[in-house]
Amino acid sequence: MRAAQIRRHLGAPSALLPRTGTEQGLPSTTPQLLRGTVAPAAGKVAKTPALNLEFSPRDYITYLLSIDAEIEHCLMVQYLYAAYSLGGPQVPEAFRDSVRTWQEVILGIAKEEMGHLISVQNSLRLIGSPLHMEREDEPWDSPFYPFPFTLEPLTLDSLAKYVYAESPVDWDGGALGDEIRLRVHAQTDDPNQVAALFNTLIPLVADPDYLPDAAFDATTLPAQADFAEWGRGYQGGHRGRPSGQPTQTPDVLVVPQTCRDDMVAALHAIAQQGEATSGTTASHFVRFLRIYVEMRELLEYKTLTTEHWNAARPLDFAAPQWQALQPESKATLLAAGPAARIAWAPARQVAINPYVSLDPESEGSDEGGTATRITHPESALWATLHNIRYRMLLTYLIHSFTLYGGLNAAGAITPRGAIVNATFGEMYNLRAVSEILMQSPVSADDPNAGFAGPPFQMPYTLNSPFGEANKWRGHLDLLTASASVVEALQLLVPESRHAYLASLREADRNMRELTLRILSGSIDTALL
């Protein structure tokens, strides 16, 4: 959704939404509704926020879930960009293991955000609402959104935004919290915490007097995503973690849902993984805060005392557990590092909000934010390939929610299984191309301009075409577009990149053949 759309829906004229067990109108409360007030249900206190009158209860839940989907999507992409930016020859040898650990933790969090995004699509599917994979390209801000969307290298400033966004709504944090909020407010006037959205959304979903039981359709379960298909062992840090790296991350949640209780439990699980101040697995908030403390010590030579760490404890976090989470001091590393206190950066000099454009006159952002056009010819081709593969990932993901059968259906090949496997393939492709772009020049003219970075530009549309056959023809279109870019890259890139391009072409050839088989009708249409 565009920022203007969100502001309009949250703006005046507004009133309390009707509290009803049906969606057939409220003639008895219409006069009060038009005056901006509604009598609460018997024995209950009205806590429903003021909203635009054009919403029905189910529609407003859809709206909030769509905002949540955008937030999860935005955070995932920003965390990926920040993680990919880490490392490089500018990092002193003594600090490289720490930087690598930060990278793996943040990549784990990004994978968990992907699980959140998929689980929210399950919620939308359950109540018969459209899927929502959209997000903004440009730097922008809007109610509920934590901070203006920005692709940028990881710094203490950007890390402070991540800590704040994932923090509990009542977190004070003592002197450390004040320092983080100071950094955040220097970058955005109106930051928000993700928890605020869940605090609005979950009570509405849980209330049968607000959202009726009839809104939940259990028959959508076979088309929903589940952990068996999408988890791929990413639970409790069992996968996606190099030997010696932090345990318990990633821990991907993919939660299928059949009823109100399932949806409430799924939303609670997502919220807990982000902001939880209890439990045995560190939440995103805790993990980001620990990285902030460690990076602060290595960059600014400021060791956080036990007193200051304890003062940062959220009120409902058990003191012994919080004390056990305090990061170990990096004093030993500082002693082994450069003799002089040199300035260094954990991230490469990568572009802020990089983009690639076919229009030579394009200046990027129309919102007044910073954007960097990729002009180096080879880098621009890699960025174009990245955008195509990003679109393929989102298109495959959307398609999966319309297919039944799954990986365990009868037959050697199922269309849904093919789509799920293809989606994972694009996740790996995006990482490979992102790592190339993080080391590729952004400018054709200025060798000191730094590196390009992956653009993660949204396509002109994610609307799914009518008819199953046309969805598969759409996949063929993207495979064709990718083949043209790969062919152009093979003429420009060094020999060391040819192996990856060859493997990509082979995978695409296999997917094309499978797609043509499906279109020919040689695969059981009952599985579609």
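Residues numbered from 1 in each chain as written. Predicted model: local features only at pLDDT ≥ 70, side-chain atom pairs only at ≥ 80, totals over all residues. Heavy atoms only, no water.

Moving on, we come to the overall build of the protein chain. Helix and strand content of the protein chain: 17 helices and four strands. Split into buried and exposed, the 528 residues of the protein chain put 53% on the buried side. Taking all contacts inside the protein chain whose residues are at least 6 apart in sequence as the whole, residues at least 24 apart take part in 77%. For the protein chain, the exposed surface amounts to about 22400 Å²; the carbon and sulfur share of it is 53%. (Helix = DSSP H or I, 4+ residues; strand = E, 2+ residues; numbered from the N terminus. Buried < 20%, exposed > 50% of the residue type's maximum accessible area, 1.4 Å probe, protein only. Contact = heavy atoms within 4.5 Å. Areas by Shrake-Rupley, 256 points an atom, 1.4 Å probe, with all protein chains shown as cover.)

Of all residues in the protein chain, 78% attain a pLDDT of 70 or more, and the chain-wide mean is 83. Low pLDDT (under 50) marks residues 237–245, which in the prediction has 20 contacts with non-local residues, meaning those over four places away or in another chain. With pLDDT under 50 throughout, residues 406–412 is counted as low confidence; its partners more than four residues away or in other chains account for nine contacts. (pLDDT = per-residue confidence, 0-100.)

Bringing the packing of aromatic side chains into the picture now. Evaluation of the coordinates by the stated rule reveals 12 aromatic pairs. Geometrically, the ring pair formed by Phe55 and Tyr63 is tilted, given 4.9 Å between the ring centres and 35 degrees between the ring planes. Tyr63 shares its class with Phe55; the two are buried. Every member of this aromatic cluster is reached through a ring pair, and the members are Tyr79, Phe147, Tyr162 and Phe288. Over the ring of Trp171 we find Arg181; its NZ or CZ atom is 5.8 Å from the centre of that ring. (Phe/Tyr/Trp six-rings, centres within 6.5 Å; stacked < 30°, edge-to-face > 60°. Lys NZ or Arg CZ within 6 Å of the ring centre and 35° of its normal.)

For the rest of this paragraph, the subject is the pattern of salt bridges. Pairing between side chains of opposite charge can happen when their charged atoms approach one another. Applying the stated criterion to the full structure yields 17 salt bridges. Where Arg183 meets Glu300, a salt bridge forms, and the shortest distance between an N and an O atom there is 3.0 Å. One end of the pair, Arg183, is in helix 6 (residues 174–185); the other, Glu300, is in helix 10 (residues 284–300), with 117 residues separating them in the sequence. A salt bridge links Arg509 to Glu506, with the shortest nitrogen-to-oxygen separation between them at 2.6 Å. A residue pair is termed a helical-turn pair when its members lie 3 or 4 positions apart in one helix, as Arg509 and Glu506 do in helix 17 (residues 498–520) at three residues. Via salt bridges that share partners, Asp157, Arg183, Glu300 and Lys302 belong to a single interconnected network. (Salt bridge = Lys/Arg side-chain N within 4 Å of Asp/Glu carboxyl O.)

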